[in-house]
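Here is how the chains run, residue by residue.
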Amino acid sequence: MTASSGILTTGDPGHAVDEQNPTASLAHDSRGGISNPILGMLLFICSEVMFFSGLFAAYFSIRASSVQWPPIVASDPALTEHFNLHAEPWYAAGLTLILVISSFTCQMGVWAIRRDDRTGFIRAFGVTLVLGIVFLIGQVYDYSTIGFGISDTPFGTTFYTLTGFHGAHVFGGAVMLSVILYRGLAGQFSSKHHDAVEAASLYWHFVDVVWIALFSTLYIL
Amino acid sequence: MATTTLTPAASTYRSGLYEWVTTTDHKKIGILYIVNSFVFFFLAGMMALLVRTELAQPGLQILKDESVYNQLFTMHGSVMIFLFIIPMLAGFANYVVPLQIGAPDMAFPRINALSFWMLPLGGILLLLGFVTGGAAQAGWTSYSPLAQARPLGSVGHGEDLWIMGLVLIGTSSILGSINFLVTIFKMRAPGMTLFRMPILVWTVLVTSVLVLMATPVFTSALIMLFIDRNVGGGHFFDPQFGGNAILWQNVFWFYSHPAVYVMVLPAMGMISEILPVFSRKPLFGYRAFVFATAGIGALGFSVWAHHMFTTGSVYLPFFSLMTFLIAVPTGVKMFNWIFTLFRGKLTFSTPLLFALGFLTMFLIGGINGAFSAAVPVDFALHDTYWVVAHLHYVLFGGSVFGVMAGLYYWFPKMTGRMLSEGLGKIQFVLMFAGFNLTFFPMHQLGLAGMPRRIADYSASAGWNDLNLLATVGGFTIAASMLPLLWNIFISLRAGKIAGDDPWEANTLEWATSSPPPPYNFDHLPEIRSERPLFDLRHGRTGGH
Amino acid sequence: MSSAPGSRPSTTTIFGWLIAAVVGVALLALVALNGPAIWRSFFPPDAKSVEGQQIRNLYDIVFAIAVVIFVIVEGLIIWTVVRYRRKPGDDVLPPQTHGNNVAEIIWTLVPTAIVIFLFIISWQTLNSVEAVSAKPDLKVRAVAGQFQWSFQYLPADAQADTKPVFTITAPEGPDGGLFLPAGQTTHVFLQSPDVIHAFYVPHFLFKRDVVPGIVNQFDLEIPSDDAGQTYRGQCAELCGVGHRIMVFDVHALAPADFQAWYTKQVAAANATPAPAPSGAAAGPSIPLTAQNVKFDQSTLTAPTTGFTIHLDNKDAGIPHDVQILDGTGTRVTNDKAITGPAVTDYSIPALPAGSYKFECSIHPTLMFGTLTVQ
């Protein structure tokens, strides 16, 4: 923080509200409402929704303009076989289930910290993180066995782009959860002060919803 | 004015490079944005001068390798848009918005610093192409398949660096917009209701929504192009491999059309701050102005395909109608500005001159836009120099004149010293004349059939005189930068001391010292209208 | 405030006004000397197609409305600025008008009415410009590849991908370009094998993108009075480093002349190609490789007795040729391009000793070199 003259006291303008400090009292109008980090996270999620909208729009546009979807590769029947994700959606369905459960455990963690139950919060977030990592490992395994690559027809390109960027977001979410968990273990959160927990859980739910959309689009629709 | 009792704030700033590199103060970050944008402005201006020099006469004179010519106009456009206009306006907003709403800083100061530092990094990535075997050369629109890694397309690192640079700059924009939105929604001083916010804050609000919704779509397009070029084999955008060339244009313009409003709305906001102050009247039709801004933002998402009228792949009547309709809120603003001046008492300081430059030139940019909204006329004008004229009347005649007005207006607040009025007026005259000399003839060139993005033209085409005129104008614009630089140099050293409120202005930034101390305010005047300082001086006269 | 009211204007201010005055006088002089030419430059060239004439009519209406709006609004700004200057020493506040709802409604509704009017007339013009005849007199496919146009003449019942009757490969000159019967309707298909181009003829006030993977099409009719004219066309969408050289000619022929021309072309296409002159007899064979749109040699040496260039085109899908230009830039050869990967032999007739330029006529900005004949 910048050093200040004698008139102004320093402090984090976002949080410390000090009667002696006129600047801090201007910091933001504390008439309640949504807190800054949570609003920031919601807006960030808006931008992420638009990012995935771009990818989905490209997917549907390419799918709509192709004669046959999934494409039939005359030169390589095995590839055509692998493209038929609809036939074997069970593995991906399992991954979906893992991510949906992790969303629930994440929310349980939020409820726990809201009632000041720190142990419950850490346990729930720990489980969420583990489930997230399991999902990521599961997806890497899926890639290694799925039988087609990113440059195999528009199908392969769109499949890997969509799932890959979702995977990157799960990874980002897992990093976020780790930070929250670390701070939680250091005792930084309480029922009064846990905006970061709420924000991280919002992000995790978002990642979950994107996966459900992806799963429905790629494996069912 | 004696609303502040602070000692001059300069002493509270720790001097030195370290302080500037590590700062999270929105004012310093704002100044960093502005300085950084000026650096890129000069670089991209040089590129434009090279392009204009080549076009001054028929025949290839200086850019014998035409791929260099293509690199230059590609980078001129990309740098001007992504590293000059957008960040320049973001810089002013960074400096002014927290002050105008009576906040001590942005909502997320560290993210603010991060947003800034991504810019020079992105800029370096973008320009690195010049030293790694050729920068991007598919135009700033980077249409696929030309932008694909294919022979006669965009082989080499330049295009990839362009993509990476823009992803970085886009992320910076997105983070910045989140920061602005949270700041505006959550950090307003008591009494600063939404409808008492200065118009600049409103325009930044709408701009941030546009950035938040549109930029990620562009990021996704860039990433798909990157995948196409490097690992995917062109399945997204290259029809040769089952991709769709028009898809790129749709996704690109879905961002890049709202981006036009990102580049113009904050400049409109700055003009709307300056005109009332120098005519000593409130802004005419404050609420209408707010609704018009929101209307432009909303309609801005439904007109992107007017860049694609000649592709044969868009539904023409819908996008034509929407494009015509977006002229209406813009017209409302124009009349509100004029009636702000009407019956006022105008003081012709440099900020007002540039603001009037904005009004007169942006008017032309708006009217010549209507030609292209009429689809059949666009069939004649699309991709000719007419379009170059149109976009420069909007982005130079509009945004750049707005930026200059803002610079002369807020420089005293940022530095505590006034810029010289005499040099300012010389700059204005040179820039105004040079601008019109450069870009007005381009209307006629376009009508005469000169396409964009050509390094040379036939001597018998009849385009010689107008091209020469445009080149002379280009160098006049460049010359107009000299008085500006000299002005900034001497004013920083020995300019007149500004005091808190040199312009008898209306908004809160003038209620604190110049430059303001860290966290901005000692105490705030009562906020009962959109002109709290005017109320303090003269009492209330109605309003909101 | 900057300069205190009533104070003497600084020398810099005077200097500024001086520059403004000089520029203003120069502009006035320019306008006075070239009045009619300047007025014409605000309009597109005279339309030479039926569709172009409709577009021109629309342009004239839009232009008239634009000028009226420009004069009114710009005049209002200038009048306001001149009329309401602050007098030195005047510290009285002007009336603090915050707005006027009636005015806001007027300047919302009037522009709305104007733009809706413009939309309706432009929609009408659009429908008539875009209309395609069910039975056009001629069907042509314009193919735009990097960086050359070619024109394929199609049978009457042709679809977008029908095989052409014959193809005109030279894009310009008296024997090259798009030949059309004046007074008759031509249906044009557009096709690109590589990147996006645009078919643009300024005199038709019309352009349409040539998008790979999509077949764009439109109807074109040149009025019968304009038979015998040639119009310049150009690619209007950036297509790479040779974008500016993608020019073509459009020749309007009287229907009878067109028939004669057409018959001749069909006959030429059906004739069995004459056996290529034997390269071996003409002199030494000089190898030249085209790869990644570059020749592997920048200098060639040949004897004055004639020789053969053995071109190996390694660029898949990209056509190349080798043409030789003399010191004045005039082409002395007329060889057919080959699309890679392929090889061919070009027999070059005996040339006088001297320095020549050789180039690929499709990529002259990228592929060229010096040929020394000695």
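Whatever comes next refers back to the structure up there.
First, a word on scope: everything that follows refers to the structure included in this document. (Residues numbered from 1 in each chain as written. Chains lettered and ligands numbered in written order. Predicted model: local features only at pLDDT ≥ 70, side-chain atom pairs only at ≥ 80, totals over all residues.)

Along the backbone of chain A there are seven helices and zero strands. Considering chain A as a whole, with its 221 residues, one finds that 36% of them fall into the buried category. Residue pairs in contact within chain A that sit at least 24 positions apart in sequence constitute 69% of those at least 6 positions apart. (Helix = DSSP H or I, 4+ residues; strand = E, 2+ residues; numbered from the N terminus. Buried ≥ 20, exposed ≤ 12 C-beta atoms within 10 Å, placed from the backbone. Contact = placed C-beta atoms within 7 Å.)

Once that is clear, we can look at the sheet that holds strand β16 (residues 323-325) of chain C. Residues and elements named next belong to chain C. With mixed pairing, the four strands of this open sheet are ordered in space as β13-β20-β19-β16. Of all strands in the sheet, those bounded by a partner on one side alone are β13 (299-302) and β16. Adjacent strand axes in the sheet meet at a mean angle of 30°, parallel and antiparallel pairs treated alike. With six bridges connecting them, strand β19 (residues 354-359) and strand β20 (residues 368-373) associate as antiparallel partners. The partner of Glu359 across the bridge, within β20, is Phe368. (Pairing = 2+ DSSP bridges. Axes fitted to C-alpha atoms, helices over the stretch in contact; angles between N-to-C directions.)

All right, on to helix α3 (residues 66-100) of chain B then. All names here are of chain B. An ideal rise of 1.5 Å per residue puts 51 Å on 35 residues; α3 measures up with 48 Å between its terminal C-alpha atoms. At Met80, α3 is deflected by roughly 35°, the largest bend along its length. Here α3 lies mainly inside the structure; 33 of its 35 residues are buried. (Expected span 1.5 Å × (residues − 1). Bend = angle between axes of the 7 residues up to and from the residue.)

So, about the sheet that holds strand β10 (residues 247-253) of chain C. All names here are of chain C. Pairing within the open sheet is mixed, and its five strands lie in the order β4-β10-β9-β6-β7. For this open sheet the edge positions go to β4 (178-181) and β7 (206-210), each flanked by a neighbour on one side alone. Within this sheet the neighbouring strands show an average axis-to-axis angle of 25°, counted without direction. Where strand β9 (residues 230-235) and β10 come together, five bridges link them in antiparallel fashion. Bridge pairing in β10 links Tyr231 to Val250. Along the sheet, helix α4 (residues 255-270) makes contact with β4 and β10, crossing β4 at roughly 135°.

Moving on: the packing of α3(B) against helix α13 (residues 385-415) of chain B. All names here are of chain B. Here α3 crosses α13 at 30°, and the two axes come no closer than 11 Å. Taken together, α3 and α13 sit at an angle that is classed as roughly parallel. In the packing of α3 onto α13, the handedness of the crossing is left-handed. Contacts between α3 and α13 involve Ile85, Met88, Phe92, Tyr95 and Val96 on the former and, on the latter, Leu395, Ser399, Val403, Gly406, Trp410 and Met414. Of the residues belonging to the contact of α3 with α13, the class tally is nine nonpolar, two polar and no charged. (Parallel < 35°, antiparallel > 145°, perpendicular 65-115°, else oblique. Left-handed = near helix turned anticlockwise from the far one by under 90°. Nonpolar A, V, L, I, M, F, W, Y, C, P; charged D, E, K, R; others polar.)

Each side of the interface is counted separately: chain B has 85 residues, and chain C has 85 residues. Elements that contribute at least two residues to the side of chain B that touches chain C include exactly α3, α7 (245-279), α8 (286-299), α9 (316-325), α10 (327-341), α11 (350-373), α12 (375-381) and α14 (421-447) of chain B. Here the element with the most residues in the side of chain B that touches chain C is α14(B); it accounts for 10 residues. Looking at the side of chain B that touches chain C residue by residue, the class counts come to 49 nonpolar, 26 polar and 10 charged.

Glancing now at the pairing of strand β14 (residues 307-313) of chain C. Residues and elements named next belong to chain C. The buried count for β14 comes to five of seven residues, which makes it a mostly enclosed element. In this structure, strand β11 (residues 285-291) lies alongside β14, joined through six bridges in parallel fashion. Bridge pairing links Ser285 to Thr308 in β14. Across seven bridges, β14 lies against strand β18 (residues 342-348) in antiparallel orientation. The residue of β18 that forms the bridge with Leu311 is Thr344.

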